[in-house]
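Listed below, chain by chain, are the residues.
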Amino acid sequence: MPREDSTQAPLLPAPPPRRAAASLHPLPLLVAAAFAVSYHLLLAAPPPSHYQSLFLSLGSNDTAAAHLRALTARPHPAGMEANALAANYVAAALSSHGFPTRLTPYSVLLSYPIHRSLSLSAAPGRDAAAFALRQETYPGDPYAAASAEAVPTFLAYAASGSVAAEAVYANYGRAEDYAYLAARGVNVTGKVAVARYGKVYRGDIVKNARDAGAAAAVIYTDFKDYTPGKAFPDGPGMPPTGVQVGSTFKGVGDPTTPMWASSEGCERLSVAEAMASDDMPGIPALPVSGRDGEAILQVIGGEVAPEDWQGGDGAPVYRLGPGPAVLNLTYTGNETMATIQNVISVIEGEEEPERYIILGNHRDAWTFGAVDPNSGTAALLELAQRFRKLQKKGWKPRRTIILCNWDAEEYGLTGSTEWVEENRAMLASRTIAYLNVDSAVAGPGFYASATPQLDELLQDASKQIGRLGGGGSDYSAFVQHIGVPSVDMSIGPGYAVYHSLYDDFTWIEKFGDPLFRRHVAVASIWGLLALKLSDEEILPFNYTCYARELENGAMDINKRVLGMPVNLSPLYKSIKEFKRAILKVDSELKALETWRSWAPWRNNPLKVKDINDRLMMTERAFTEREGLSGRPWYKHLIYGPSLYNDYGAEVYPGVDDAIQRAKRTNISESWKSVQHEIHRISRVINQAALVLSGRLT
Ligand SMILES: *[C@@H]1O[C@H](CO)[C@@H](O)[C@H](O)[C@H]1NC(C)=O
Ligand SMILES: *[C@@H]1O[C@H](CO)[C@@H](O)[C@H](O)[C@H]1NC(C)=O
Ligand SMILES: *[C@@H]1O[C@H](CO)[C@@H](O)[C@H](O)[C@H]1NC(C)=O
Ligand SMILES: *[C@@H]1O[C@H](CO)[C@@H](O)[C@H](O)[C@H]1NC(C)=O
């Protein structure tokens, strides 16, 4: 479930081109000679090694296209036979290159629809018309027959039940939308909330409806947001009957094993206990198409909704309600234990086999999954083929590269979470970095989010760098649970047919990536990062960007607590310590360099290992055993998802939670908890500074 278009975390402007500019200044000859040496140092990044250029030259769009076509022949949600077959396909492709490959199965709680019905009457007592709740195929659709296998449109983990009540329009279903309704005297209690997709995670849309007292929720796809131009198959937009399916679980991993792995014979909650969790939506809910959404809004009366709540051209005037429209929603779900499978493939390192660079992408899809996620799977398999060709030319990675293909990401990042939980201590002590690609390709433009020490490495390849705070994909367990530096990449910001029946090979071929060059581009960047992280003797991490991000976050907090009894000096002091640690490690690296330039025969492997270990473990120090207040699985105190939108990224999420709470209540006790959170982040930053500088107090 990567973020969809309008929920993309804010992206920073493109970083200015840096090193290349130096060569543009013509210099007088003498000065130029004097500069020659330092100029060389300025171009610090080594020229791509032989194997890196070879890797880049080996890309094959035909290979990527062939894998994508094979993977997307049938709908393949987690737990279904088609997805087990897809796991075998991925495992066979990876083993065919001679990489030791295995499946890691887990038994987890998934959710499927058994019965759905939704009918609308224009007023109480009037005749009700039932919606078909079907996504239509088009004449000549090569996937029409396979479409019959798709799961009916539903929201995973929605509560079973039947509700007949007046409808209320709730815009994007955010907390502020319900606050507006309350201010206008619209009482949502016992009603069916009708909200549109596009601003927050759908699990938050349903939760906000429940918190406002709604008895059920309906989420629709507004044409204004998802069909600005032509609809598929004539254009990339969402067709009138297109429905965004998806999960409404706000937790991560298997709901029966919160905080621990779903290993065989493990301790488990009962299904009833798991479904009673506050991370579950708790009310019946259904997703509907743009056409059905408009039909409902047509008969909702009451006050006219504000301008920014309205639809596009041709849409009816949206009103707040409640009623007179009555919706009768019945949903029965099957919450059942099912087997999922990750595919894990290992290319062992030659010199440091105990250090891991992990590449991951998920495989399960709500329907055909051409964009989400199999564009990424196709890129992974294409990249694996290139690694094999490199091996044949003599390449031996210095460190171990692990290729992972996750299952059940769509339900709650489940496959990656269970594996990280099961291997937590090993991964936390050995992993250099995690590189995620979910949907690789949806259109033009390169997008990446990363923990900041990887910025510089990404800069050559990327135009825009965001931060990995949100909980949108499989990097979550790596960064937020165990503190591994991570990157998440894609080409194209988002796409309209997301999680619908129309996310198929035809859509990619016509609109997403007609020549499959974008697939190759993603595989190139992904593989190049892996090669650099695996092969460069000193880890290409730069913590200066991290310090800057910590400072920016502190300045943000400063603005938000102005005039309040909150003291930020512990935070500023810890950031200062962190910057001193960066200077120390830099000077150690310079000394190492100088030492070698005078005595190249004296390489110093233990010193190199010491510095690399510190660079690797610094991110870990930002995690804390107890985790975020009230959200103990999230151990990382610097980056985490916003409490109010699982897709949203927050720097210092615990401080943000506390400030939002304090502003609501505004009593001195609640400002004390803001101060407590400031102390907590200062403490982990001090820990990180000690690790980076390799110093005991
Ligand atoms: C909303 O309606 C419910 C049930 O009808 C009622 O109990 C509640 O007091 C109402 N809330 C407001 C703010 O009027
Ligand atoms: C709502 O729909 C269900 C299923 O179609 C039906 O059994 C039930 O009678 C309806 N309820 C009302 C109040 O119309
Ligand atoms: C629920 O799912 C399980 C496992 O797929 C299946 O065996 C069972 O028949 C389903 N129950 C219903 C009522 O459909
Ligand atoms: C791969 O690229 C070549 C050259 O750009 C192009 O002719 C070919 O059609 C592409 N393959 C696919 C499957 O799109």
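Residues numbered from 1 in each chain as written. Chains lettered and ligands numbered in written order. Predicted model: local features only at pLDDT ≥ 70, side-chain atom pairs only at ≥ 80, totals over all residues. Heavy atoms only, no water.

Draft legend 1. Quick peek at the site of ligand 3. Lining the immediate surroundings of ligand 3 are Ile-114, Asn-334 and Thr-336. Residue Asn-334 places a side-chain N or O atom 2.2 Å away from an oxygen atom belonging to ligand 3. Taken by itself ligand 3 offers 360 Å² of open surface, and the protein chains cover 32% of this. (Near = heavy atom within 4 Å. Polar contact = N/O pair within 3.5 Å; in protein donor to acceptor, adjacent residues only side chain to side chain. Areas by Shrake-Rupley, 256 points an atom, 1.4 Å probe, with all protein chains shown as cover.)

Draft legend 2. Inspection of the site of ligand 2 at higher detail. The full set of residues close to ligand 2 is Ser-117, Ala-164, Asn-328 and Thr-330. The contact in question runs from an oxygen atom of ligand 2 to an N or O atom on the side chain of Asn-328, over 2.3 Å. Each residue belonging to the shell around ligand 2 can be placed in one class, and the counts come to one nonpolar, three polar and no charged. (Nonpolar A, V, L, I, M, F, W, Y, C, P; charged D, E, K, R; others polar.)

Draft legend 3. Representation of the domain arrangement of the protein. Assigned domains within the protein: domain 1 (29-109 + 337-535), domain 2 (113-335) and domain 3 (544-693). In this structure, domain 1 and domain 3 have C-alpha centres spaced 27 Å apart. With 31 residues of domain 1 at the contact, the number on the domain 3 side is 23 residues. The junction of domain 1 with domain 3 conceals about 2100 Å² of combined surface from both sides, 56% of it contributed by carbon and sulfur atoms. Between domain 1 and domain 3 we count two salt bridges in total. With a closest N to O distance of 3.8 Å, Glu-354 and Lys-609 form a salt bridge. Mapped onto the side of domain 1 that touches domain 3, the elements with two or more residues apiece are strand 10 (352-362), helix 13 (414-422), helix 14 (424-430), strand 12 (431-441) and helix 16 (475-481). If you tally residues by element for the side of domain 1 that touches domain 3, the top one is helix 16, at five residues. Considering only residue class, the side of domain 1 that touches domain 3 consists of 11 nonpolar, 13 polar and seven charged. (Domains from an automatic or database assignment. Contact = heavy atoms within 4.5 Å. Buried area = accessible area lost by both parts, 1.4 Å probe. Salt bridge = Lys/Arg side-chain N within 4 Å of Asp/Glu carboxyl O. Helix = DSSP H or I, 4+ residues; strand = E, 2+ residues; numbered from the N terminus.)

Draft legend 4. Expanded view of the packing of aromatic side chains. Counted according to the given criterion, the structure contains 29 aromatic pairs. Taking 6.4 Å as the distance between ring centres and 70 degrees as the angle between the ring planes, the aromatic pair formed by Tyr-546 and Phe-578 counts as edge-to-face. One end of the pair, Tyr-546, is in helix 19 (residues 544-560); the other, Phe-578, is in helix 20 (residues 569-598), and 32 residues separate them in sequence. By the burial criterion, Tyr-546 is buried, and Phe-578 matches it. An aromatic cluster is built from Tyr-138, Phe-232, Tyr-495, Tyr-498, Tyr-502, Trp-507 and Phe-511, whose rings are joined through pairwise contacts. The lysine or arginine in question, Arg-631, covers the ring of Tyr-634, its NZ or CZ lying 5.7 Å from the ring centre. (Phe/Tyr/Trp six-rings, centres within 6.5 Å; stacked < 30°, edge-to-face > 60°. Buried < 20%, exposed > 50% of the residue type's maximum accessible area, 1.4 Å probe, protein only. Lys NZ or Arg CZ within 6 Å of the ring centre and 35° of its normal.)

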